[in-house]
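Results of the structural survey
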Amino acid sequence: MKKFPTEQLKCWNEAKNLRKSYYENYLNAHEKGGVRWAGGAWSFSSIPAGLGEDVYSLTGEPYGATIAFFKDFTAKCHEATEAAGFPRTLCAYMRNYWGSILLDKYILADGKVIDEHPAPDFIWQDHICCSHGKWYQVARWLEEKKGKKVPMYCVDVSVGYPMDKPLEEYKINYIFQQLNDGVEWLEKVTGREYDDKLLCEAVWNEINATRLWADICTLNQAVPAPLDEKSMYSLYVMGTLMKHRPECVAFYEKLKAEVEDRVRRGIAAVANERFRVITDTQPPWGFLRIFREMEKYGVVSLGSLYTYGLIGMWKYRPDGTWATKDLPPRKPQTREEALRMIVEWTVDRPEWAHFYLPEAKTKMILSIVKQWKVDAVLLHYNRGCEGLSVHIAENRHGLVEAGVPVFPFEGNMGDEREFDLPGTLARLTTFFESMGLKKLRE
Amino acid sequence: MVEEIFQKFRDWIDNRHEYAKEWKEKTNRKIIGYFCTYVPEEILYAADILPVRILGSHEPPTVTEPYIFAMFCHLCRDSLAQGLKGKFDYLDGIVEGQSCLHLRQTFNAWRLHIPVDYAYYIYVPHSVQTPHATPYLTQELAKFKHSLEEWIGRKVTDSDLDRGIRTMNRNRELMRKIYEYRKLDNPKITGLEAMEMVLSSQMVDKEEHSKLVEQLLRELPNRKLNRNPGTRLMIIGSEDDDRIFMQNVENLGATFVIDEHCTGSRYLWNNVSPSEDRLGAIAERYVDRVPCPSKDWPEFTRVKHAVNLAQEFKAQGALVIQNKFCDPHGIEIPPLKEALKSIGVPIYPLEFDVTVPWGQFRTRVEAFLETLTGLEDLF
């Protein structure tokens, strides 16, 4: 059987270091006279950037996922939130995050647990999922109980998705106006003067970073795939932590060059690649070994709409293919231009489509299936995230109707009590066998 | 006579589909089903359409699994089940006013799998605490009105909108007056009866309903309930139409003197303040109403409202109905508990699903009531 050459990614350590520094920078921001804020991975992070170069964020979902990876700490976080009276059916990231506040502990990227959860100076969030605004409302409430008053600003972006035509101007304006007010709010709560030039830079960085990530994902159309999804998790995460930062753009530029080189030289992520799958929604973070189990069957997971479109920005070309979204004609020059540009850019986010239109998500997945030469789709019915699981049963219908083999499995991205590893693996191997695959020699 | 009125509310609920079919035949007008109370019924009444709320049946779910992942709330699954089973086959259309992901999913599954002529989703803002919400919703409502006009083939005029606003305002105002009788030391109506009044208003023609509520208002002052009100309870939750649970709890020596959910006071607590800009006035009402927790951030205004209600209606304790998997409501339980505790009102949360395990709940509710009233009576 043919074996492809493999190589470790050269920028792997840089990715690890960037992520490590991110959590440390947030922790130590005050020592450097800096400001720290908390909010979701989808928040308009380029806006607080106008407060200065020393502004550090802690984005909630990646932090919740980091906690989930370290099962002992996760269990303690869940116990703490349940003891505080919160239902165990809530968003698992959110419960992890609150647990960290309740325990007054902070976890770094390498799993080191620090005493004292570093409270943010302000919360800057956006809201499309039912839990987004509520998450930080409670975080603020919990901080207040500890004696820290944290001001909160949350931008409502739930205006629908531009399926066939651009969103109406009044919808764009609604978000724009909230951001515009938000700039004044930031000045008020921090006492800092706002710098529009920094805002314009940050917006441009975000646009570039989210385009670059789409370019990198596009390279995975190659056979053999240069990247596997498990590795991509460590790479896409930069876009969820710091999509507006120059370090993110620089890292993605370097990564793109390296992946292009891998494609040129036929370097594979999985040496035995013979069956290509994609997944959907966040994985069960404590059980990433399922990807290694797949490799034993020669299966490579190329990514997912989640890994490609959570941060990456895409568009449909006139010929119907899915491709990186075009760069706006020029870098923004004023606050108004920058805010409007980032709103118009963001409302197209692929991972927002399914919140409203299951058909839109099915269409995107089918584009990936076709263009990335995918053999089957593994749908993670994720009990931990109602936002990304909404309409997932409809997506299953759409894929099955289109003739795509689908393997649905139930789990939880952040609560290991809701993932049955042996059961899932047993069903998964049966599925692969039904696809004609046999386990390769170890 | 009062008993007959309450019986009529009950009959309307029990025979809601028969009522709707007869109404349609009698009036030759359209009926629209809606899922959440963020749908502005004023505009539907203005268009001579009967809005009816789609709710579940509390029968074990058997048909929704292929369409909605089972970790979504029972209201959304049970509501869809009614559609899949053909119970709402008389509907001409469905409309949803953005509230939560769960009901949005029901709306979309209905749109995709159950034939209707018309399906419309109103993007009601999630942030009702921003000053930009009302102008934004006004434009959303204008778009909705335009879409309805295209569907029904006629203009909805200002005078139609005035009529729609009057119809809704009158009904809400009348029911609020009935709620005043719940404040009495010996309330004139039980929690179950109040629930049946509000629930039925979401199922039948408001004009007809209002006439009956008016009649009730005339006769209620003379009513003497032949029961000891017992412990004064509040019920708090999201959508709650479990009448058997209400009855069972009230049979344990308690009366629900007030509620905070969307099949109760949340539905009727504020009116449209008429103004020249009709759609703006309607938008303002839906932005300013007692919010669903899904829209209530960054401040906990609903929690404050619940505290006010508890004080005003002299509740001794509160049962919190947590519809399993409803994140916005579940998230608020600890802040709600703390706020109510601060005024001396303990809460007890119960997790609800499509069916309710009354055997277990009975023991737990009895124990809660004992903590409110002391144990002396037992020994």
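Residues numbered from 1 in each chain as written. Chains lettered and ligands numbered in written order. Predicted model: local features only at pLDDT ≥ 70, side-chain atom pairs only at ≥ 80, totals over all residues. Heavy atoms only, no water.

What about the overall build of chain B?
Applied cut-off: Helical segments are the DSSP runs of H or I of at least four residues, strand segments are the runs of E of at least two, and each set is numbered from the N terminus. For a compact globule the rule gives 2.2 Å times the number of residues to the power 0.38, and the radius of gyration it is set against comes from C-alpha atoms. The buried label applies to any residue whose accessible area, calculated with a 1.4 Å probe on protein chains only, is under 20% of its type's maximum; exposed applies above 50%, and partly exposed to all values in between. Pairs of residues are marked as contacts when any of their non-hydrogen atoms sit within 4.5 Å. Each accessible area value is a Shrake-Rupley result obtained with a 1.4 Å probe; residue values ignore everything except the protein chains displayed when judging cover. Working convention for charge: Lys and Arg count positive, Asp and Glu count negative, and His plus the chain ends are omitted. Throughout, a charge is located at the NZ atom of Lys, the CZ atom of Arg, the CG atom of Asp or the CD atom of Glu.
When you go through chain B residue by residue, the secondary structure sums to 16 helices and eight strands. Relative to the compact-globule value of 21 Å for 379 residues, chain B shows a C-alpha radius of gyration of 20 Å, a close match. With the C-alpha coordinates of chain B rotated into their principal frame, the extents come out at 70 × 45 × 45 Å. Counting only residues that meet the buried cut, chain B has 65% of its 379 residues in that class. Contacts spanning at least 24 positions in sequence make up 76% of the contacts within chain B whose residues lie at least 6 apart. Just so you have it, chain B exposes about 13600 Å², and 49% of that area is on carbon and sulfur atoms. Charge centroids of chain B, computed over 48 positive and 56 negative side chains, lie 1 Å from each other.

Some thoughts on the pattern of salt bridges
This is how the line gets drawn: Here, a salt bridge means any side-chain nitrogen of Lys or Arg that lies within 4 Å of a carboxyl oxygen of Asp or Glu.
For the structure shown, the criterion picks out 69 salt bridges over all chains. A salt bridge links K331 of chain A to E201 of chain A; the shortest N-O distance between them is 2.4 Å. Within this pair, whereas K331 of chain A is found in the loop between β10 (322–324) and α12 (335–346), its partner E201 of chain A is found in helix α7 (residues 196–218), the two being separated by 130 residues in sequence. Residue class for K331 of chain A comes out partly exposed when judged on its relative accessible area of 29%. In this structure, K21 of chain B engages D89 of chain B in a salt bridge whose closest nitrogen and oxygen atoms are separated by 3.9 Å.

Re the interface of chain B and chain A
The condition that has to hold: The term buried area refers to how much accessible surface (probe radius 1.4 Å) is lost by two components on association, counted for both of them together.
Tallying the contact residues gives 50 residues for chain B and 54 residues for chain A. Carbon and sulfur atoms make up 60% of the surface buried where chain B meets chain A, a total of about 4300 Å² over both sides. Interface area lost by chain B to chain A is led by F69, W297 and I331 of chain B, which between them contribute 16%. Applying the counting rule to chain B against chain A returns six salt bridges.

Concerning unusual backbone geometry
Residue P224 of chain A follows V223 of chain A across a cis peptide bond; omega there is 0°. One can find P224 of chain A in the loop between α7 and α8 (229–242). Look at the link from W297 of chain B to P298 of chain B: it is a cis peptide, with omega at 5°. Tracing the chain through its elements places P298 of chain B in the loop between α12 (278–288) and α13 (301–312). For H391 of chain A, which is not glycine, the phi torsion reads 70° and is therefore positive. Positioned with a positive phi, K314 of chain B is a non-glycine residue whose angle comes to about 55°.

Examining the domain arrangement of chain B
Residues and elements named next belong to chain B. Which entries qualify depends on this criterion: All domain edges in this entry derive from an automatic or database-based domain assignment.
According to the domain assignment, chain B contains domain 1 (29–154) and domain 2 (161–373). For domain 1 and domain 2, the distance between their C-alpha centres works out to 22 Å. Across the boundary between the two partners, domain 1 contributes 46 residues, which contact 48 residues of domain 2. Counting each side, the surface lost to burial between domain 1 and domain 2 is near 3900 Å², with a carbon and sulfur contribution of 60%. A per-residue breakdown of the area domain 1 buries against domain 2 is headed by Y38, E42 and Q129, which together make up 19% of the total. Where domain 1 touches domain 2, the interface holds four salt bridges. One salt bridge connects E42 with R172, and the closest N-O pair in it is separated by 2.7 Å. Of all the secondary-structure elements, those providing two or more residues to the side of domain 1 that touches domain 2 are α3 (41–46), β2 (50–53), α4 (74–84) and α6 (133–152). In terms of residues, the side of domain 1 that touches domain 2 owes the most to one element, α6, which gives seven residues.

A closer look at the sheet that holds strand β5 (residues 231–237) of chain B
All names here are of chain B. The following threshold applies: Pairing between strands is defined by DSSP: at least two bridges between them are needed. Interaxial angles span 0 to 180 degrees and are taken between N-to-C directions of axes, which are lines fitted to C-alpha atoms, for helices over the stretch in contact.
Reading across the sheet, the four strands line up as β6-β5-β7-β8 and stay open at both edges, with parallel pairing between neighbours. Lying at the two open borders of the sheet, with one neighbouring strand each, are β6 (254–260) and β8 (347–352). Ignoring strand direction, the axes of neighbouring strands in this sheet form an average angle of 25°. Here five bridges tie β5 to strand β7 (residues 317–323), and the two strands are oriented parallel to one another. If you follow I236 over to β7, its bridge partner there is V320.

Describing the nonpolar core
What counts is decided by this rule: Nonpolar core, defined: a set of buried Ala, Val, Leu, Ile, Met, Phe, Trp, Tyr and Cys residues in which side-chain atoms within 4.5 Å join the residues together.
By size, the foremost hydrophobic cluster in this structure holds 293 residues, and its most contacted members are I47 and W98 of chain A together with F245 of chain B. Per-element accounting of this core gives the leading share, 11 residues, to α7 of chain A. For this core, the domains that each give at least three residues are domain 1 (29–154) and domain 2 (161–373) of chain B. Leaving out residues up to four positions away in the same chain, I47 of chain A has contacts with W124, L179, V183, L186, Y194, L199, L339 and I342 of chain A.

Topic: the packing of helix α8 (residues 191–201) of chain B against helix α9 (residues 206–219) of chain B
Each packed pair of helices is defined by two parameters, the angle between the axes and the distance between the axes. All names here are of chain B. The line we're drawing: Every angle not falling under 35 degrees, over 145, or within 65 to 115 is termed oblique; those three ranges are roughly parallel, roughly antiparallel and roughly perpendicular. Asp, Glu, Lys and Arg are counted as charged, while Ala, Val, Leu, Ile, Met, Phe, Trp, Tyr, Cys and Pro are counted as nonpolar; the rest, among them Gly, fall into the polar class.
Between α8 and α9, the shortest axis-to-axis distance is 9 Å and the interhelical angle comes to 155°. Taken together, the axis directions place α8 and α9 in an arrangement best described as roughly antiparallel. In contact with M197, S200 and S201 of α8, α9 contributes K206, H209, V213 and L216. Across the contact of α8 with α9, the residue classes break down as three nonpolar, three polar and one charged.

A word on the environment of A209 of chain A
Residues and elements named next belong to chain A. With respect to the secondary-structure elements, A209 resides in helix α7. With a relative accessible area of 1%, A209 lands in the buried category. C-alpha of A209 to C-alpha of W185: the two residues are 24 residues apart in sequence and 27 Å apart in space. In contact with A209, not counting residues within four places along its chain, are K243, C248, V249 and Y252.

Thoughts on the sheet that holds strand β1 (residues 31–34) of chain B
Residue and element names in this part refer to chain B. Taken in spatial order, the four strands line up as β2-β1-β3-β4 in an open sheet, and their pairing is parallel. Either end of the sheet is taken by a strand with one partner, and the two such strands are β2 and β4 (118–122). On average, each strand axis in the sheet is inclined to that of its neighbour by 25°, with strand direction left out of account. As paired elements, β1 and β2 share four bridges and run parallel to each other. Each bridged residue has a counterpart across the sheet, and for I32 the counterpart in β2 is P51. Those strands touched by helix α2 (residues 16–27) are β1 and β2, and its axis lies near 170° from that of β2.

Section: α9 of chain B
All names here are of chain B. The condition that has to hold: To estimate the expected span of a helix, count its residues, drop one, and scale the result by 1.5 Å. Distance and chemistry together define a polar contact, namely a pair of N or O atoms within 3.5 Å, with one atom able to donate a hydrogen and the other to accept it when in protein, and with adjacent residues in sequence counting only for side-chain atoms on both sides.
The terminal C-alpha atoms of α9 lie 20 Å apart, and with 14 residues this matches the ideal 20 Å at 1.5 Å per residue to within 8%. All buried positions along α9 are accounted for by K206, H209, S210, L212, V213, Q215, L216 and L217. Where the residues of α9 are buried, they touch α1 (2–14), α3, α7 (158–180), α8 and α11 (265–268). One side-chain oxygen at the N-terminal end of α9 lies 3.0 Å from the backbone nitrogen of E207; it belongs to D205.

A look at the packing of aromatic side chains
Stated precisely, the cut-off is as follows: A pair of aromatic rings is counted whenever rings of Phe, Tyr or Trp (Trp by its six-membered ring) have centres within 6.5 Å, and the orientation is called stacked for planes under 30 degrees apart, edge-to-face for over 60 and tilted otherwise. Working rule: Lys NZ or Arg CZ, within 6 Å of ring centre, within 35 degrees of ring normal, means a charge sits over the ring.
Tallying each qualifying case throughout the model produces 58 aromatic pairs over all chains. Each ring, one from Y118 of chain B and one from W151 of chain B, has its centre 4.5 Å from the other, and the planes form 15°; the classification is stacked. Here Y118 of chain B is found in strand β4, whereas its partner W151 of chain B is found in helix α6, with 33 residues between them in sequence. Classification of Y118 of chain B by relative accessible area gives buried; the value is 7%. One aromatic cluster in this structure is built from Y22, Y23, Y26, Y63, Y97, Y106, W135 and Y136 of chain A. The ring of W352 of chain A carries R349 of chain A above its face, with NZ or CZ at 5.0 Å from the centroid. Above the plane of the ring of Y38 of chain B lies K295 of chain B, whose end atom (NZ or CZ) is 4.8 Å from the centre.

Things to note about helix α2 (residues 60–69) of chain A
In terms of burial, α2 of chain A is largely enclosed, as nine of its 10 residues are buried. Turning to α2 of chain A, its buried residues number three or more, namely G60, E61, P62, Y63, G64, A65, T66, I67 and A68 of chain A.

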